[in-house]
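The residues making up each chain are set out below.
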Number of protein chains: 2
Amino acid sequence: MPRPSTPLLSPDRIRSTALAIIDRDGLDGLSMRKLAAELGVQAASLYGHVRTKDQLLNDIASSILSSVDVSGFSVDWREGLLRCARSYRAALSSHPNIVPFLAYGPAGRDESLQRLDLLHGALVEAGWSRREATMIAAGLMYIVFGSALSTFSSGFSADPADYSGRYPHLDRAHLLPGVARELDRDSFELALAAFVRGL
Amino acid sequence: MPRPSTPLLSPDRIRSTALAIIDRDGLDGLSMRKLAAELGVQAASLYGHVRTKDQLLNDIASSILSSVDVSGFSVDWREGLLRCARSYRAALSSHPNIVPFLAYGPAGRDESLQRLDLLHGALVEAGWSRREATMIAAGLMYIVFGSALSTFSSGFSADPADYSGRYPHLDRAHLLPGVARELDRDSFELALAAFVRGL
DNA sequence: TGGGTTAACCTAACACTGTTCGGTTAATCG
DNA sequence: CGATTAACCGAACAGTGTTAGGTTAACCCA
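Note that the coordinates shown come from a computational prediction; the quantities given were computed from them, not determined experimentally. (Residues numbered from 1 in each chain as written. Chains lettered and ligands numbered in written order. Predicted model: local features only at pLDDT ≥ 70, side-chain atom pairs only at ≥ 80, totals over all residues. Heavy atoms only, no water.)

### Thoughts on the protein's contact with DNA strand C
For step 1, the next point in the chain: In the region of DNA strand C, 23 residues are neighbours, and Tyr-47 and Thr-52 of chain A together with Leu-8, Gln-42 and Ser-45 of chain B sit closest.
For step 2, the next point in the chain: Within 4 Å of the protein, the contacting atoms of DNA strand C are drawn from sugar and phosphate to the extent of 64%.
For step 3, the next point in the chain: Thr-52 of chain A places a side-chain nitrogen or oxygen 2.2 Å from a phosphate oxygen of DNA strand C.
For step 4, the next point in the chain: One nitrogen or oxygen atom from the side chain of Lys-53 of chain A is found 2.8 Å from a phosphate oxygen belonging to DNA strand C.
For step 5, the next point in the chain: Of the residues contributing to the surface near DNA strand C, the split by class is 12 nonpolar, 6 polar and 5 charged. (Near = heavy atom within 4 Å. Polar contact = N/O pair within 3.5 Å; in protein donor to acceptor, adjacent residues only side chain to side chain. Nonpolar A, V, L, I, M, F, W, Y, C, P; charged D, E, K, R; others polar.)

Spelled out as structure tokens, the structure:
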């Protein structure tokens, strides 16, 4: 195929299709050839619109995280922390399969740093020292990312039959997919509340 | 080379060499061929001792996490949580490059579940409901894994020069490698203390 | 001591992966 | 109308995890 009359590709279309594949098939389920096929194109064509796969993933991550809400600090720093953490987690858990990618760091994403800077400034404004502000922001991120990892409760719902008897205290009922999701959210809320209260 | 007089390979030797490569070259720096070369062997030979690369990584992760200390619950549940979290973090941060692998879940590692079961039982023993116990254990893991991800403070020490001016509140001094490590540990301690206190 | 079995390694290959190079054609601009 | 550029393609490269089939040494039993 030569140059088509209307372009088949655009950075946006590539990003959204890639994200759809990640959501459907997992992070490892995304390959440039599969992405290209889904767009009706050959793999090489993608590189006219995207510098590299890693860059593509970074862009996707950035766009997901752009919905994080840091407006709550105008009310109160506690409210700011809560609102920021909740919207952060909401963003991540709406696309859980991309979280492992974020785990690779170093998160040099500009928007992330900008948000972080804002958060940090608000905490200093509220009377915390610079060092304390950094640590509080870090602690908040620990809880957000930790809960998004789903290594925990949603992690082991694979085959509940395996667990019976071998782990006397763990309740098998906790592992049903529906319950696990709710439990994950409640665990996050508990950790968040305990953290903010304990400051 | 035919069958050697004394075997060149053993699961232990494979695991420890693989871990050394991961520590040195990162998670992506480990390939079966490179691992084999480092062991003086061809890649295919590894598969006589290891079922699959994924399994190998799981085994390595298990052995790293086997040093987690869950003995503190005989004293007091708070002490148990603190000791468990600290030893968990110590284990992870001694081999930070394997943490991204753990982010893939689902952590069906037997020892992890056994530890979790013990932790859960101790919390129930202390008077928490089963559901609360699960959530508290999850919250603890959030902080441990979140801090191990190092997406945060140690994450962006790449090029401090880039940050000057663009992020008015973030202190460049926080990004020096030595400071970042200490800051990471202190942030973890702060988050942990706040969490346990807030329960 | 000899023969069969098994264990430990090998070479070669398969189906992938991300990415690049050089070509081909259509749209677009002067 | 002609030159340039943008958008795609085919083919290839080096690398990945993994498997099949072959070769030889060590081991066990008669």
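### Remarks on the relation of the copies chain B and chain A
For step 1, the next point in the chain: Overlay of chain B on chain A (RMSD 0.1 Å): rotation 180°, translation along the axis 0.0 Å. Read as a symmetry element, the transformation amounts to a two-fold axis.
For step 2, the next point in the chain: Most of the interface of chain B is mirrored in chain A: 100% of its interface residues are interface residues there too. (Least-squares fit on C-alpha atoms with pLDDT ≥ 70 in both. Contact = heavy atoms within 4.5 Å.)

### Some details on the interface of chain B and chain A
For step 1, the next point in the chain: Residue-level contacts link 56 residues of chain B with 56 residues of chain A.
For step 2, the next point in the chain: Across the chain B to chain A interface the summed buried area is about 5500 Å²; carbon plus sulfur atoms make up 66%.
For step 3, the next point in the chain: Counting across the interface, chain B meets chain A through 4 salt bridges.
For step 4, the next point in the chain: The partner of Arg-131 of chain A in a salt bridge is Glu-182 of chain B, and the shortest N-O contact between them spans 3.6 Å.
For step 5, the next point in the chain: In this structure, the connection of chain B to chain A is made through 6 residue pairs in polar contact (both at pLDDT 80 or more).
For step 6, the next point in the chain: Taken together, the elements giving at least two residues each to the side of chain B that touches chain A come down to helix 5 (99-102), helix 6 (110-125), helix 7 (130-149) and helix 8 (177-198) of chain B.
For step 7, the next point in the chain: Among the elements that take part in the side of chain B that touches chain A, helix 7 of chain B stands out by supplying 15 residues, more than any other.
For step 8, the next point in the chain: Among the residues forming the side of chain B that touches chain A, the class breakdown is 31 nonpolar, 14 polar and 11 charged. (Buried area = accessible area lost by both parts, 1.4 Å probe. Salt bridge = Lys/Arg side-chain N within 4 Å of Asp/Glu carboxyl O. Helix = DSSP H or I, 4+ residues; strand = E, 2+ residues; numbered from the N terminus.)

### Topic: the confidence of the model for chain A
Any region with low pLDDT has predicted coordinates that should not be read closely.
For step 1, the next point in the chain: When pLDDT is averaged across chain A, the result is 87; 84% of the residues are at 70 or more.
For step 2, the next point in the chain: Averaged pLDDT values for the elements of chain A fall to 87 in helix 7 (residues 110-125) of chain A and rise to 98 in helix 2 (residues 32-38) of chain A. (pLDDT = per-residue confidence, 0-100.)

### A few points about the packing of aromatic side chains
Residue and element names in this part refer to chain A.
For step 1, the next point in the chain: With the rule as written, the count across this model stands at 4 aromatic pairs over all chains.
For step 2, the next point in the chain: Arranged with centres 5.4 Å apart and planes meeting at 85°, the rings of Trp-77 and Trp-128 form a pair that is edge-to-face. Taken as a pair, Trp-77 in helix 5 (residues 77-93) and Trp-128 in the loop between helix 7 and helix 8 (130-149) lie far apart in primary sequence, 51 residues in all. (Phe/Tyr/Trp six-rings, centres within 6.5 Å; stacked < 30°, edge-to-face > 60°.)

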